[in-house]
Amino acid sequence: MSQVVIGIESTAHTAGVGIITSDGKILSNQRAVYTPEEGGIHPREAANHHSETLPGLFKAALEEAKLEPKDISLVSYARGPGLGPCLRTGATAARAFAYSHNIPLLGVNHCVAHLEIGILEGAKDPVLLYLSGGNTQVIAYAAGRFRVFGETLDIGIGNGLDKFAREAGMGFPGGPKLEKVAKGPELLDLPYSVKGMDMSFSGLMTAAKSKLDAGHSLESVAYSIQETAFAMSCEVSERALAHTGKRELVLGGGVACNSRLREMARIMAEERGIRCFVPKRALCVDNGVMIAWLGWQMMSANYAISEQDNVVDQKYRTDMVEVTWR
Ligand code: AMP
Ligand code: MG
């Protein structure tokens with residue numbers, strides 16, 4: 001009989017509670033997103049948002065799944081990486097639910113969860129292009145761990161898009177707003193910063209703002225940002241695919257909701273003759289389902305829960321996770 005896992009996400013602006021069965025059937029994916037009134041994410045305010053919304057999200061998820069706490073076999077939560085106050089709020093909610101209903105509790109790595117949701121889409125051993133607000137990484141499994149093949153050397157791509165959009169007076173979140181106006185026609189020359197397998201986005205966003213100030217249209221600047229930043233991301237992913245010899249690409253993170261990014265990744269995959277898996281938008285963004293699913297992957301490989309598994313770790317890196325379930 002299949003088991004049921006509940007997952008709690010709270011690493012940054014999203015509070016999420018997801019429920020999935022051990023055979024991969026999604027029963028609920030409840031989310032609430034904190035949107036700052038001005039400026040970037042304030043960790044304490046985001047944490048307050050999560051503590052206000054999580055009880056309702058638990059209730060809504062259980063109702064949608066038509067389940068009661070006693071039906072749940074595992075409570076999984078995002079242990080890190082993320083903003084300290086947000087992580088602690090999610091972990092506290094997870095602990096309260098697990099301990100009061102006597103259910104095992106397991107903290108998992110948020111970035112690895114983005115990759116594992118690609119397994120649910122049918123990938124077996126993919127390279128993940130993970131583009132979100134705070135994180136920008138190219139990840140793949142090699143020799144017992146998920147290795148970071150390439151990453152940003154400064155800001156995350158999503159935070160870069162948000163910062164540019166904020167400075168252009170467009171509000172938050174910037175990524176989707178820029179996508180709407182990214183029509184060109186001009187392809188402007190912006191810094192294309194790929195250093196080996198790593199990328200940087202900070203100079204690109206500053207240069208883009210200068211182009212805007214110099215009188216180029218927002219349509220052209222937004223278009224040029226997308227073309228440049230996404231080409232950089234696809235180039236590094238392609239290099240990781242070539243180095244590892246892997247034949248599957250998975251997209252993850254909020255920026256992977258972008259249609260142009262999806263198109264570029266598909267073209268690259270097609271030209272290499274490999275498969276490209278693009279999870280539904282609700283599974284690309286931060287969500288509780290992927291947290292639950294990773295928890296189940298670990299438990300089904302007889303992961304032994306230890307004391308370390310109910311803490312949080314702001315700097316819990318992808319390659320710190322000992323992978324026993326592959
Ligand atoms: P995450 O941190 O994974 O939840 O993703 C949030 C980030 O994704 C924010 O920086 C958003 O601006 C960005 N984002 C969301 N939708 C899009 C889109 N359609 N195009 C580009 N960026 C997006
Ligand atoms: Mg994420």
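Read on for a plain summary of the structure. (Residues numbered from 1 in each chain as written. Chains lettered and ligands numbered in written order. Predicted model: local features only at pLDDT ≥ 70, side-chain atom pairs only at ≥ 80, totals over all residues. Heavy atoms only, no water.)

1. Some points on the sheet that holds strand β4 (residues 74-80)
If you trace the five strands from one edge of the open sheet to the other, you get β3-β2-β1-β4-β5, paired in mixed fashion. Two strands lie at the open edges of the sheet, namely β3 (26-33) and β5 (105-109), each paired on one side alone. Sheet twist, expressed as the mean angle between neighbouring strand axes with direction ignored, is 20°. With five bridges joining them, β4 and β5 adopt parallel strand pairing. Across the sheet, G80 pairs through a bridge with N109, a residue of β5. Against the sheet, helix α2 (residues 84-101) engages β1 (4-9), β4 and β5, with an angle of about 165° to β4. (Pairing = 2+ DSSP bridges. Helix = DSSP H or I, 4+ residues; strand = E, 2+ residues; numbered from the N terminus. Axes fitted to C-alpha atoms, helices over the stretch in contact; angles between N-to-C directions. Contact = heavy atoms within 4.5 Å.)

2. Quick look at the site of ligand 1
By nearness alone, 17 residues border ligand 1, and S132, D162, G175, E179 and G254 come closest of all. Separating an oxygen atom of ligand 1 from a side-chain N or O atom of D162 is a distance of 2.6 Å. Out of a free accessible area of 500 Å², ligand 1 has 91% covered by protein chains. Spatially, ligand 1 is embedded in the largest pocket. For the shell around ligand 1, the element with the highest residue contribution is helix α5 (residues 174-181), accounting for four residues. Along the lines of polarity and charge, the residues of the shell around ligand 1 split into five nonpolar, nine polar and three charged. (Near = heavy atom within 4 Å. Polar contact = N/O pair within 3.5 Å; in protein donor to acceptor, adjacent residues only side chain to side chain. Areas by Shrake-Rupley, 256 points an atom, 1.4 Å probe, with all protein chains shown as cover. 1 Å grid on protein atoms, 1.4 Å probe; cavity = no way out; pocket = protein on both sides within 12 Å on 5 of 7 lines; lining within 4 Å. Sits in = over half its atoms within 2 Å of the grid points. Nonpolar A, V, L, I, M, F, W, Y, C, P; charged D, E, K, R; others polar.)

3. Observations regarding the coordination of the magnesium ion (ligand 2)
Note on the magnesium ion (ligand 2): its protein donors are H110 (NE2), H114 (NE2), Y130 (OH) and D286 (OD). The metal-donor distances range over 2.1 to 2.5 Å. In the primary sequence, the donor residues of the magnesium ion (ligand 2) line up as H-x3-H-x15-Y-x155-D. Here H110, found in helix α3 (residues 110-120), pairs with D286, found in the loop between α9 (281-284) and α10 (288-300); they are 176 residues apart in sequence, far enough to count as distant. (Donors = N, O, S within 2.8 Å, 3.2 Å for Na, K, Ca; no water.)

4. Structural notes on unusual backbone geometry
Peptide bonds are mostly trans, and most non-glycine residues show a negative phi. With omega at 0°, the peptide bond leading from G80 into P81 counts as cis. If you trace the backbone, P81 turns up in the loop between β4 and α2. The omega angle of the peptide bond from F172 to P173 is -5°, so this bond is cis rather than trans. Within the secondary structure layout, P173 lies in the loop between α4 (157-167) and α5.

5. Concerning the packing of α4 against helix α6 (residues 202-213)
Where α4 contacts α6, the axes come no closer than 10 Å and their chain directions differ by 25°. Here α6 runs roughly parallel to α4, going by the angle between their axes. Seen along the crossing, α4 lies across α6 with a hand that is right-handed. Side by side, α4 and α6 meet where I157, G160, L161, F164 and E167 of the first sit next to M205, A208, K209 and L212 of the second. Class assignment for the residues of the contact of α4 with α6 results in six nonpolar, one polar and two charged. (Parallel < 35°, antiparallel > 145°, perpendicular 65-115°, else oblique. Left-handed = near helix turned anticlockwise from the far one by under 90°.)

6. Side note on the environment of A240
Along the chain, the position of A240 falls in helix α7 (residues 218-244). Linking A240 and V250, residues 10 residues apart in sequence, is a C-alpha distance of 12 Å. Not counting the four nearest positions on each side in its chain, A240 is found in contact with V127, V138, F149 and M197.

7. Describing the side chain of H49
With respect to the helices and strands, H49 occurs in helix α1 (residues 43-65). Discounting chain neighbours no more than four positions away, the residues touching H49 are H13, A15, A32, V33 and Y34.

8. Points about the sheet that holds strand β8 (residues 145-151)
The five strands are arranged β8-β7-β6-β11-β12 in an open sheet whose pairing can be described as mixed. This sheet does not close on itself; its edge strands, each paired only once, are β8 and β12 (275-277). When the angles between neighbouring strand axes are averaged without regard to direction, this sheet yields 25°. As judged from the five bridges shared by strand β6 (residues 127-131) and strand β7 (residues 136-142), these two strands associate in the antiparallel manner. What sits directly across from V127, in β7, is A140. Packing of α3 onto the sheet brings it into contact with β6, β7, β8 and β11 (248-252), and relative to β6 it is tilted by some 125°.

9. Some thoughts on α4
Those residues of α4 that fall on the buried side of the exposure criterion are I157, G158, G160, L161, D162, F164 and A165. In the core, the buried residues of α4 are packed alongside β6, β7, α5, α6 and α7. Phi turns positive, to about 75°, at G169, one or two residues after α4. (Buried < 20%, exposed > 50% of the residue type's maximum accessible area, 1.4 Å probe, protein only.)

10. Digging into the nonpolar core
Within the largest apolar cluster, 45 residues are counted, with the highest numbers of intra-cluster contacts made by F164, I225, L249, L251 and L261. Of all the secondary structure elements, the ones that give two or more residues to this core are β6, β7, α4, α6, α7, β11 and α8 (259-272). Filtering out sequence-adjacent residues up to four positions away, I225 remains in contact with L161, F164, L190, M205, A208 and F230. V112, L115, L283 and M290 belong to the second largest nonpolar core, which has 33 residues in total. (Core = buried A, V, L, I, M, F, W, Y, C linked by side-chain atoms within 4.5 Å.)

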